Amino acid sequence: MTAPPKFPGTGLEEVNVPGQNYLRDALTSCTDPLKAIETFQLENGILLPSLRPMLPLLDLHGVRRLDFHTSVLEELRDKLVTHINEVGAKEGRERDKKLKELLVKSFPVVRVKALRPVVMSILRNIPQIDDKYLRILVRDRELYSDTDTEVKRQIWRDNQSLFGDEVSPLLSQYIREKEHILFDHTNLTNLFFSPSPKLRRQGEVVQKLAHMIGTSVKLYDMVLQFLRTLFLRTRNVHYCTLRAELLMALHDLEVQEIISVDPCHKFTWCLDACIREKNVDIKRSRELQGFLDNIKLGQEQVLGDLSMTLCDPYAINFLATSAIKILQHLINNEGLPRENTILILLLRMLALGLSAWLMIDSQDFKEPKLDSQVVTKFLPALMSLMVDDQVRQLHSRLPPDERESAITIIEHSGPAPDSVEAYIQESSVASILAMYYTLHTARHKDRIGILRVLRASCKDDRAYEDPFLHSLIALLIPMGDEFVNEDFCTGLFDEFLFAGLSRDNVTRHMLKLLWYIHPRLPAVRLNTLMKALQPTTQHNESVHLLHSTLQSRIGTAIHESTIHETAMDIDYDSPLKSVPTPSRPSY
C-alpha cells in the first residue's frame, strides 16, 4: 500500500512541535476524529491552567480559537523580536554566541510565515552568517524577498549577478529621472542645474544604493564597476553624476570603511564644496591641484575615476561657468589668462573630465595635456569677442543722439573670429567654453552675441548634448520677442538646431522651445518647423505624443486668435447700434 503524501515541510517537526503531518497521521489512524482534534488542541494549546476556564467564555462571545491563538502569537512574536534586537545591539562574542544558538533552534521554522520575522531578526543581527543559511535563502524566492537588506548584503558579496539584478532597476530609474528633468516641457522652474549637491544626493535612488551597500567595500566596488561599464556602453554622463553623488552620500553617512579607502574621496569632497559654494578659492585650488599632481606611480587607474567625477555634467557646468567668470574678471582688470593659476587648473580639470570615456575605454590612464594654444591664443580671442559684445550692448543702451555720435559697432555683427571658430572645432575645452559663453550671452538676452558663437561647429557635436540644450532652451524661451527677427530664426534653427535633427534629443528640445514661443513665430516659419519636427518610426513614443499635443496647442491658439481678430473687426461705434429694436406688433 502506497504511503499517503506528506505536506510540504514547515520545520515545526524539526523543533519538536507537532505540525501538519502529525495532525494528518492522527486523523487518518483514529477511530473518533472529533476526539483526536480535541486531544490535539489540549496538548498543543496554550498550557496555562488559569487560561482554560476562559476559553469557553471566549467561545460564547464568538471568538474563534484560531483568532485567539493568532493574537497571542503575534504579541509574543513582537516581544521576542524586540528582545533579539536588544541582544543584537550589544557587542562581543557572548552576543554572537547567543544569537547563533537561537538561529540553530529557530531557523527550521523560517518557512512558517507567522514565525519568519523572528528568524529574520536573528539573521539581521548576526554580523557573519554561515553559508548554509544563506544558500537556503537564495534558493527560495519567497524567503529571499522577505530577507532584510542587512542579510542580503552577505548574500550579494558572493553573488555579483544577483546584486546586479537588484541594482539594475535603480540605475534605470536614476537615468529616467535625469532625462525627465532635461526634457520636461511643462515646468520651466525645474531646471537641471538648480538643485544643490546636498539636495541631489538625497534622492531616492542614491539613498537606496547607499543603504544596499552599507559598509561593504566589496559591494561599493561592484556598483562602481557597474557604473563604469554602463558609462562605456552608453556614453551616458549621468552615470558619472551617480558615481560622485553616491560617494558623497556615503560621506554624509560617515561610512568610514568606504570613504577611507576610496582614493577619489578627498578630491570629490573638495570639488563638491566648490560646486556648493559656486567658487574656487586659492586654498581649494591648491588642494585640487595637489590631488592631481600627487597620483603615485602604479596608481594611475585613479585617473579613470577622477575623470568620471569631472565628467559629471554638474562638474562641467561649474568648471566652465567659473572659467567664464574669471575671463570676465581678467577683462575688467586687463589681465592675461596664462597668468591666472586658478583658470589654468579649471581648464586642466575640464580637459580631464572631457576625456573620461576615451581614457576608460582605452585603459590608458594618462592625464591629457592641455593645449597651450587654448590658453595663449583661443582665450585672448574669446576675450576680444566678449569685449565686442559688451561694447555693442553698452552702445545699444545709449540715447539715439549719443549713439550716432559714438564709434559704433554695427548692429549686425559678423560671426565669431576665425581664430575662435578654429579652436572650437578642434578642442573640446574650447568648445565647452564657447558653449557656456553662449549661455552667458543668452542670460543677457543678447541676440547677436548668441548667434556669433552658436553658428560655430563644436568638436564632437558637444553643443547637442542635453545639459547644454536644456539650459539654452530655458534661456531662449523668455526671449520670445526676438523670434520675429528672421536672422535670429535662421541662425538658431537653420544653421544650428537643424544640423542636429538626426538626434532624437534635439527634436525633443526643439519641441519644448516651440511649446512656448510658437505664437511669436511667423506662420511660414512655424509651419516649416513643425514639418521638420514630424516624428518618424525611429522616434520614441514620448516624441510622437509631444508633437501631437503641440499641434493641438497651436491649432487652439490660432483658433482663439481668429476669434479675437474677428471680434476686433466689429465696429461697436456704428450708428446702427443706436437704432431701437422694433416692438412686437399687437393684434
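Starting from 1, residues in each chain are numbered consecutively following that chain's sequence as written. Predicted model: local features are reported for residues with pLDDT of at least 70 only, side-chain atom pairs are reported and counted for 80 or more only, and whole-chain, interface and lining totals are derived from all residues. For side-chain calculations, the full set of non-hydrogen atoms in the structure is used, while hydrogens and water are omitted.

A run of H or I in DSSP becomes a helix once it reaches four residues, and a run of E becomes a strand once it reaches two; helices and strands are each numbered from the N terminus. Counting secondary structure elements, the protein contains 31 helices and zero strands. A simple rule labels every residue: compare its accessible area, found with a 1.4 Å probe on the protein chains alone, to the largest value its type can have, and call it buried under 20%, exposed over 50%, or partly exposed in between. Across the 587 residues in the protein, those meeting the buried criterion constitute 44%. The contact definition used throughout considers only heavy atoms, calling two residues in contact when any of these lie within 4.5 Å. Considering only intrachain contacts with a sequence separation of at least 6, the fraction spanning at least 24 residues in the protein is 69%. For the protein, the exposed surface amounts to about 32400 Å²; the carbon and sulfur share of it is 54%. All accessible areas in this document rest on Shrake-Rupley with a 1.4 Å probe, and a residue is counted as covered only by the protein chains that are shown.

Counting buried positions along helix α9 (residues 149-156) yields six of eight residues, so the element is predominantly enclosed. Its buried side turned inward, α9 meets α6 (116-124), α7 (131-139), α8 (141-146), α10 (160-183), α12 (204-213) and α13 (217-234).

Moving on, we get to the pattern of salt bridges. Salt bridges are defined by distance alone: a side-chain nitrogen of Lys or Arg within 4 Å of a carboxyl oxygen of Asp or Glu. Applying the stated rule across the entire model yields 35 salt bridges. R348 is paired through a salt bridge with D293; the nearest N and O atoms lie 2.7 Å apart. Within this pair, whereas R348 is found in helix α20 (residues 341-354), its partner D293 is found in helix α17 (residues 282-293), the two being separated by 55 residues in sequence. Taking the relative accessible area as the measure of exposure, R348 reaches 19% and is therefore buried. The class of D293 is partly exposed, set by a relative accessible area of 43%. Notably, a salt bridge pairs D461 with R503, separated by 3.2 Å at the nearest N-O pair. One end of the pair, D461, is in the loop between α26 (447-454) and α27 (466-476); the other, R503, is in the loop between α28 (486-494) and α29 (504-517), and 42 residues separate them in sequence. Given a relative accessible area of 31%, R503 falls into the partly exposed group.

For the rest of this paragraph, the subject is the nonpolar core. Within this scheme, the nonpolar core is defined by two criteria: the residues are buried Ala, Val, Leu, Ile, Met, Phe, Trp, Tyr or Cys, and they are joined through side-chain atoms within 4.5 Å. One finds F378, L476, F483, L492, F493 and F496 to be the most contacted residues of the largest nonpolar core, which totals 159 residues. Excluding residues that lie within four positions of it along the chain, F493 makes contacts with F483, F498, M510, L513, L514, L521, R525 and L529.

Here we take up the packing of aromatic side chains. Between rings of Phe, Tyr and Trp, where Trp is taken as its six-membered ring, a pair exists when centres lie within 6.5 Å; planes separated by under 30 degrees are stacked, by over 60 edge-to-face, and by other angles tilted. Tallying each qualifying case throughout the model produces eleven aromatic pairs. Members of the aromatic cluster, each reached through a chain of ring pairs, are W156, F163 and F226. In this structure, R235 is placed above the aromatic ring of W357, and the distance from its NZ or CZ to the ring centre is 3.4 Å. Comment: the charge-over-ring label is applied if NZ (Lys) or CZ (Arg) is within 6 Å of the ring centre and within 35 degrees of the ring normal.

When you line up the elements, V420 lands in helix α24 (residues 418-426). For V420, a relative accessible area of 1% corresponds to the buried category. On a C-alpha basis, the gap between V420 and F378 in space is 5.9 Å, while along the polypeptide they are 42 residues apart. Look past the residues within four positions of V420 in its chain and what remains in contact with it is F378, A381 and L382.

What counts as a disulfide here is a pair of cysteine sulfur atoms lying within 2.5 Å. Scanning all chains against the criterion turns up zero disulfides. Looking at C274, it has no disulfide partner, and the nearest cysteine sulfur is the one in C270, 4.7 Å off.

The residue T507 is located in helix α29 in this model. In this structure T507 comes out as buried when scored by relative accessible area, which is 2%.

Here we take up helix α19 (residues 313-333). Expected span of a helix, by definition, is 1.5 Å for each gap between consecutive residues, and there is one gap fewer than residues. Relative to the 30 Å expected for 21 residues at 1.5 Å per residue, α19 spans 30 Å between its end C-alpha atoms, a close match to the ideal helical length. The buried fraction of α19 amounts to 16 of the 21 residues, a majority that puts the element mostly inside the structure. N or O atoms within 3.5 Å of each other form a polar contact, as long as, within protein, one can give a hydrogen and the other can take it, and as long as residues adjacent in sequence are counted only when both atoms are side-chain atoms. Of the residues flanking the start of α19, the one acting as N-cap is D312, its side-chain oxygen 3.0 Å from the backbone nitrogen of Y314. Remark: E334 follows α19 within two positions and exhibits a positive phi of approximately 55°.

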